[in-house]
Amino acid sequence: MDIYTTIDTPLGELLLAGDGQALARVSFDLAARAGLRREPGAFAEAERQFAEYFAGERIAFDLPLASHGTPFQERVWEEVAALPYGTTTTYGALAARVGAPRDRIRAVGAAVGANPLLIVRPCHRVVGADGSLTGYAGGVERKHELLALEGVRQPRLWSVLS
């Protein structure tokens, strides 16, 4: 990962970083660009797909990815990537899908939290056991907005924000 660009989205500026061919990081944390060289337009296809997603015209991304995690993180991220647009799952259900025992739900949560490819790997679709919107690297408000974009209603948060 050596270059980056930023794009404007309805949820704020989004950082895209990688080697110019594959994405290694998608983040709302612009500090993650430290040490990288700005290259506007380096991720033109990703920019196009994000524009389509935020316009409600795309439900999945088809981009080359180059993030690396531990074998456990990779297993969790693979399951997160398989979550269909407009749906949610819980950390417990995700733990079951990766074969992690119930006492490893926190480890699953940590793996979800370490996802370097926000939105592309839709960790915003993972919610608490009671449906609450627990942490999100981009902020819980953005998690709410992403789910709303996908047609998911979270009554608990709606009542808090409305």
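Residues numbered from 1 in each chain as written. Predicted model: local features only at pLDDT ≥ 70, side-chain atom pairs only at ≥ 80, totals over all residues. Heavy atoms only, no water.

On to the overall build of the protein chain, then. Of regular secondary structure, the protein chain possesses six helices and six strands. For the protein chain, the sequential pattern of α-helices and β-strands runs β-β-β-β-α-α-β-α-α-β-α-α. If you line up the protein chain on its principal axes, its C-alpha atoms span 40 × 40 × 25 Å. Considering the protein chain as a whole, with its 162 residues, one finds that 46% of them fall into the buried category. Nonlocal contacts in the protein chain, meaning residues at least 24 apart in sequence, comprise 54% of its contacts between residues at least 6 apart. As presented, the protein chain carries roughly 8,100 Å² of accessible surface, and 51% of it is formed by carbon and sulfur atoms. Here the protein chain contributes 17 positive and 19 negative side-chain charges, whose respective centroids are spaced 7 Å apart. (Helix = DSSP H or I, 4+ residues; strand = E, 2+ residues; numbered from the N terminus. Buried < 20%, exposed > 50% of the residue type's maximum accessible area, 1.4 Å probe, protein only. Contact = heavy atoms within 4.5 Å. Areas by Shrake-Rupley, 256 points an atom, 1.4 Å probe, with all protein chains shown as cover. Lys, Arg positive; Asp, Glu negative; His and termini not counted. Charge placed at Lys NZ, Arg CZ, Asp CG, Glu CD.)

Turning our eyes to something else, we now look at the pattern of salt bridges. Between side chains of opposite charge, pairing is possible as soon as their charged atoms come close. Enumeration according to the criterion identifies six salt bridges in this entry. As a salt-bridge pair, glutamate 52 and arginine 48 come within 2.4 Å of each other at their nearest N and O atoms. Of the two residues, glutamate 52 and arginine 48 both sit in helix α1 (residues 44-54), four residues apart, roughly one turn of that helix. For arginine 48, a relative accessible area of 37% puts it in the partly exposed group. Here the residues in one salt-bridge network are Glu45, Arg48, Glu52 and Arg58, joined through shared partners. (Salt bridge = Lys/Arg side-chain N within 4 Å of Asp/Glu carboxyl O.)

Remember, this is a structural readout, not a statement about activity or role.
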